[in-house]
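An overview of the molecular structure
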Amino acid sequence: MSDTAETATPPTGTAPTGPAPTGRPGVGDLLDAAVEAVGGTRRPGQIRMAEAVAGAIARREHLLVEAGTGTGKSLAYLVPALAGRGRVVVATATLALQRQLVERDLPRTVDALHPQLRRRPTFATLKGRSNYVCLHRLHDGPPDEGDQLFEPSPTSQIGRDIIRVRDWADDTETGDRDDLSPGVNDRAWAQVSVSSSECLGANKCPYGEDCFAERARDIAKQSDIVVTNHALLAIDALEGAPVLPEHEVLVVDEAHELAARVTAVATDDLTIGTVERAARRAAKLANEKAVDALQTAAEAYAKTMGPREPARINEPDADLGWTLAALRDACRAVITSLGEVRDKTLSDEDASRRQAMASAQSIHDTCERILGGSPYDVLWVERNDRVGPSLRIAPLAVAGLLRDALFGDRTVVLTSATLKLGGDFTGVARTLGLNPEGLLPEPGATVPVTAIPAPKPAAKPAAKPAADRDTADDDTDATDATASGTSDTSDQEDADPDNDTDLAVWRSLDVGSPYDYPRQGILYVAKHLPPPGRDGMHPDTLDELAELIECAGGRTLGLFSSRRAAEAATEALRERLDLPILCQGDDSLPELLKTFAEDTRTCLFGTLSLWQGVDVPGPSCQLVVMDRIPFPRPDDPLMAARAQAVHQAGGNGFMAVSATHAALLMAQGAGRLIRAGEDRGVVAVLDSRLATARYGGFFRASMPDFWYTTDRNQVRKSLAAIDT
C-alpha cells in the first residue's frame, strides 16, 4: 500500500517536528537522531507514525497503525515511548523482533536520545519463567518420579545436553534459554526449568537469591521499557497474578498475531499422558485412597478416549462425562491430601509436592471447564502421533477477553504491516476487542507531545482465572488454524459474554510503505488453471510452477498450504529442474534461510511458518509462489464453530472466518517479496479463484498494491527480464 493510496487520515494531536514550546526537542528531532544512530533514512510514514503514537500517549487513547514493510515502525514507537515519563511495555510475537529491539534498536536509540532527553532511559527483556534455567532443578535434579527422561551422563544425548547447560549456567548472566548456543531440545530443557506453578518461590528455594527468573523480573520493574512476548502479555491479562510490571503504555508489535496467541494461552488440553503423569507424581505424596481414585480415573480416561476420532463435541456423552467427573473429583482429593503424607525417600519433597499439586490442579481445572459446558467454549477431540487422542477446549472468541483485560487505564498502540483486510481496519480491530463504534474521527487540536505530563499509574484490569500455563514462549508458530484468532468477527460480539463493558475509543492510521509496489512488483494470478482440489496439485498447476521457476532462474520462495503439498512439489520439481530446491524439514529453518539467501539459484519450499517473518532482500527472492488460497480446513472444529456462530448471528460465516483467516496469511505471504527499495519481483498465486470468485477482490485489496495481471506471457517476460 503506497502513501498515495492511504484510506485513513492521521490523528492531528501530534507533536511539531521542531522544538516544543518548552524548549525541549520535538518528536521529529528525536526521531531524526534515532534514525541516524541506526544508519537509517528519514521516511515520511515513520514520522507520521511517531507523531500519531506520541499523540495517542498524550491523549491516553488507543491507536491502530498499519505500517508497511520498510517504514521503520519500531523506531516510530520507541522514540515517543522513550520521550515519555511512564513505563512502556512492548510485546512482540517473534523472537527475531524481540532480539532486534533489545540488541540493536534500543541500545542505539537510547544512546542517540540521551543528550537531548538529558537522561538515559533503561530497558529490559522479560519472558515466562520456564524460559529461564532453574538453578534448583539444575543442581538438585527434577523431582523423583517414575518417568525420568534422562540420566545425566555423557552416554546419552539428553545427559550431555544437561551437563552443557550446567556448565553454561555458571557463566551466563541471564539464564535465558535463547542465549544458550547451540540450544538444546525441549525434553532436555524441561529437566532444568519449571513453570510458575512448579516453582518453590524465591523465599523457600535455596537458590532464590540467585534465581535468573526473579532477577529478570526485578530488572524489569526498574526499567523504563520492558520488551516481552504476546504469550506473557496474554498470561498477564487473563490470569489472576500479574507477571508484568505496572505500566502506562502498551505497544503491541506484530499485532495481527495477538488474537491467535491469546487463543493459544486460553486453550486447555487433556491428554492421556498428562493424566497418567499426574497419577505417578501423586503416588508417594497423597493418601492411598486419593491416589487409587486418580489412577482408576486415569485408566478410565485412557479407555474412553482410545477409540475416539477427531471431531467437535457439543456436549460430552454419558461415558465421557462420567470419566471427566471422576478425574475432577480424584484430582480434588489428591490436592486436599497432598499435605497429609511425608515420604523421606524423596530427594526433594517440597519440589515433588509442588509439581504434583500443579499437575492435579491443571487437570482439575480443565475437567471443571469442560463439564461447565459454557456456550462460549468449543470442545473437540484431537489426535496426533505424539500424544494420541486428547480433548481440547478453546474460547469461541477472544475479543471480549481482550476488551476487558487489555484496554484499561493505559494507552495501547497496536501495529503491524497487515492490520487492514479488504482495505478496512474494522475486521482486525474487532478481533482485538475494539468496537467500530469507538473509532474516533480526526481530532481538531494539536497537542505538544514533548510536553506530555507524567501519566498516572495504570489500573490493572480485572483478571480472569484460567488454568495454569507452563510456558510463555517467544517464537511459537500461531499458524495452526485451531489457534488462529483472525476469525473472530463482528458478528461474534453477540456470542460474547462480556459485551457490556465501557466502549474503548481508538483511532486508526495507515502510513503506507516507502516502497513503490506498483513499480517494484507484480501480482500474477493463474486464471487459466483449474481450481485446486483435494487430490494434490493438478498436473497443469505443477507445469505452471515449473515454468515460472525456470523463467525466474530459481530465486523462488514457495508458500504451500500444507506440508504434504510442499513435499510433493519438491519431489516432483527436483526431477524436472536443474536447480537446487530446499524444502522445510530438510534442515533447521535458520540454516535453510541462510542457504536460500546466499545462493540466488536456490528455491525454498515450505508451509505456514514461511508465510510470515521471512526477510530475504535482494536477488535471492524474486518470485513468491502461493499454491492456493490458504483457507482453514473445513473440518477444523474451532473455525467451524466460529463460522457457525457468525451465521447464527445473521452474518456471513465464510467471509468473516475463512476468508479473513486466509486474507491475513496472503497479505503476510505477499509481503515476503519486496524487502528493500531496489527489490523487484512477482507474487504468483496458482489459484484461479483469486481472479474468478466474488471474494477475490477482498483478498487482492488485503495485499500490497502490486501491478495486477492474469497474463501468463507477460509475467514470464517480466521474470526473465529481472533474471539478467
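Reading the values: the criteria
Throughout this description, residue numbers start from 1 for each chain and increase along the sequence as written. Per-residue local features of the predicted model are confined to residues with pLDDT of at least 70, and side-chain atom pairs are confined, for both listing and counting, to 80 or more; whole-chain, interface and lining totals are unaffected and use all residues. Only hydrogens and water are removed before side-chain values are computed, so all heavy atoms of the structure are retained for them. Comment: elements are numbered from the N terminus, with helices defined as DSSP H or I runs of at least four residues and strands as E runs of at least two. Accessibility here uses a 1.4 Å probe with only protein chains present; expressed as a share of the type maximum, an area under 20% marks a residue as buried, one over 50% as exposed, and anything in between as partly exposed. What makes two residues a contact is simply this: any of their non-hydrogen atoms within 4.5 Å. Here the accessible surface of atoms and residues is derived via Shrake-Rupley with a 1.4 Å probe, and residues count as covered only by protein chains that are part of the display. By convention a nonpolar core is built from buried Ala, Val, Leu, Ile, Met, Phe, Trp, Tyr and Cys residues, the set being connected through side-chain atoms within 4.5 Å. Polar contacts, as counted here, are pairs of nitrogen or oxygen atoms within 3.5 Å of one another; within protein the pair requires one atom able to donate a hydrogen and one able to accept it, and residues that are adjacent in sequence qualify only if both atoms are side-chain atoms. Two cysteine sulfur atoms make up a disulfide if the distance between them is within 2.5 Å. Given a helix with a known number of residues, its expected span is that number minus one, times 1.5 Å. A strand pair is defined by DSSP finding two or more bridges across the two strands. Axis angles are defined between N-to-C directions and span 0 to 180 degrees, where every axis is a line fitted to C-alpha atoms and, for a helix, only to the segment in contact. Think of it this way: a Phe, Tyr or Trp ring, Trp meaning its six-membered ring, pairs with another when their centres are within 6.5 Å, and the plane angle makes it stacked under 30 degrees, edge-to-face over 60, tilted otherwise. When the NZ atom of lysine or the CZ atom of arginine is within 6 Å of a ring's centre and also within 35 degrees of its normal, the charge is said to sit over that ring. Known as pLDDT, the predictor's per-residue confidence is scaled from 0 to 100.

Helix and strand content of the protein chain: 25 helices and 18 strands. Burial statistics for the protein chain: of 724 residues in total, 56% are counted as buried. The long-range fraction of contacts in the protein chain, counting pairs at least 24 apart against all pairs at least 6 apart in sequence, stands at 81%. Of the roughly 29700 Å² of accessible surface on the protein chain, a fraction of 49% belongs to carbon and sulfur atoms.

Our focus in this paragraph is the environment of Leu-396. Counting through the fold element by element, Leu-396 comes out in the loop between β9 (388-395) and α15 (399-406). Residue classification places Leu-396 among the buried positions, given a relative accessible area of 8%. For Leu-396 and Leu-638, which are 242 residues apart along the polypeptide, the C-alpha to C-alpha distance reads 7.1 Å.

Our focus in this paragraph is the nonpolar core. By size, the foremost hydrophobic cluster in this structure holds 92 residues, and its most contacted members are Leu-414 and Val-683. Once residues lying within four places of it in the same chain are set aside, the contact partners of Val-683 are Ile-522, Leu-523, Tyr-524, Val-624, Met-626, Ala-670, Leu-673, Met-703 and Phe-706. Among the nonpolar cores identified, the runner-up in size contains 40 residues, and Ile-57, Leu-78, Ala-112 and Val-413 belong to it.

Moving on, we get to the side chain of Lys-127. Inspection of the secondary structure assignment puts Lys-127 in the loop between β3 (123-125) and α5 (135-140). A polar side-chain atom of Lys-127 sits 2.7 Å from a polar atom in the side chain of Asp-176.

A cis geometry characterises the amide bond from Ser-181 onward to Pro-182, with omega recorded as -5°. As for its placement among the helices and strands, Pro-182 is situated in the loop between α6 (157-169) and α7 (186-190). Backbone geometry at Arg-60 places phi at a positive 55°, although glycine is not the residue there. Checked against the element boundaries, Arg-60 lands in the loop between α2 (44-59) and β1 (62-67). Located in the positive-phi region is Arg-555, a residue other than glycine, with phi close to 55°. Judged by its relative accessible area of 12%, Arg-555 falls in the buried class.

Let us now look at the state of the cysteines. For the coordinates displayed, the defined rule picks out zero disulfides. Its sulfur unpaired, Cys-205 is 5.9 Å from the next cysteine sulfur, which belongs to Cys-134. Of the residues examined, Cys-205 reaches a relative accessible area of 18% and is grouped as buried.

Taking 1.5 Å as the rise per residue, α6 with 13 residues should run 18 Å; its terminal C-alpha atoms sit 18 Å apart, in good agreement. Those residues of α6 that sit buried are Ile-158, Gly-159, Asp-161, Ile-162, Val-165, Trp-168 and Ala-169. Packed against the buried residues of α6 are α5, α7 and α8 (212-221).

Let us look at the side chain of Arg-369. Checked against the element boundaries, Arg-369 lands in helix α14 (residues 349-372). A distance of 2.8 Å separates a polar atom in the side chain of Arg-369 from the backbone oxygen of Ala-266. When sequence neighbours within four positions are dropped, the list of residues in contact with Arg-369 reads Ala-266, Thr-267, Asp-268, Asp-377, Ile-393, Ala-394 and Pro-395.

This brings us to the sheet that holds strand β2 (residues 88-92). Two pairing modes exist for strands in a sheet, parallel and antiparallel, and in both the strands are linked by backbone hydrogen bonds. Strand order in the open sheet formed by seven strands is β3-β4-β2-β5-β10-β1-β11, and the pairing between neighbours is parallel. A strand with exactly one partner marks an edge of an open sheet, and here the two such strands are β3 and β11 (506-512). The mean inter-strand angle of the sheet, taken between neighbouring strand axes irrespective of direction, is 15°. With four bridges joining them, strand β5 (residues 249-252) and strand β10 (residues 411-416) adopt parallel strand pairing. Residue pairing across strands places Val-251 opposite Val-413, the latter belonging to β10.

A separate point is the packing of aromatic side chains. Tallied over the full model, the rule gives ten aromatic pairs. Taking 6.5 Å as the distance between ring centres and 80° as the angle between the ring planes, the aromatic pair formed by Tyr-515 and Tyr-517 counts as edge-to-face. Like Tyr-515, the residue Tyr-517 is buried in the burial classification. In textbook terms, an aromatic cluster arises when at least three aromatic residues are bridged by ring pairs, as seen for Phe-631, Phe-654, Tyr-695, Phe-698 and Phe-699. Of note, Arg-700 hangs over the ring of Tyr-708, and the distance from its end group to the ring centre comes to 4.8 Å.

Detailed reading of the predicted coordinates is not advisable wherever pLDDT falls low. Averaged over all residues, the pLDDT of the protein chain equals 84, while 84% of them reach at least 70. Every residue in residues 1-19 scores below 50 in pLDDT, and together they form 77 contacts with partners more than four places removed in sequence or on other chains. A low-confidence stretch, residues 146-151 (pLDDT under 50), is modelled with 14 contacts involving residues beyond four sequence positions or located in other chains.

Time to look at the sheet that holds strand β13 (residues 556-559). Read across the sheet, seven strands follow the order β14-β15-β13-β16-β17-β12-β18 without closing on themselves; strand pairing throughout is parallel. Two strands in the sheet have a free side with no partner beyond their single neighbour: β14 (581-583) and β18 (707-709). Sheet twist, expressed as the average angle between the axes of neighbouring strands with direction ignored, equals 15°. Both strand β12 (residues 521-525) and strand β17 (residues 681-685) contribute to a ladder of five bridges, which runs parallel. The residue bridging Gly-521 from the neighbouring strand is Gly-681, located in β17. Packed onto the sheet, helix α22 (residues 653-670) meets β13, β16 (623-626) and β17 and runs at close to 160° relative to β16. Where helix α25 (residues 712-722) meets the sheet, its contacts fall on β12, β16, β17 and β18, and the angle it forms with β12 comes to roughly 145°.

What follows concerns the pairing of β1. The element β1 is largely enclosed, with a buried count of six among its six residues. As defined by bridge partners, β1 adjoins β10 across four bridges and the pair is classed as parallel. Bridge assignment links Leu-64 to a residue of β10, and that residue is Leu-414.

Further remarks concern helix α18 (residues 539-552). The α-helix winds at 3.6 residues per turn, so residues separated by three or four positions along the chain end up facing the same way. If you check α18, its first and last C-alpha atoms are 20 Å apart, about what 14 residues at 1.5 Å a residue would give, namely 20 Å. When α18 is considered as a whole, its buried residues turn out to be Thr-541, Leu-542, Glu-544, Leu-545, Ala-546, Leu-548, Ile-549 and Ala-552. Two residues or fewer past α18, Gly-553 is found with a positive phi of approximately 70°.

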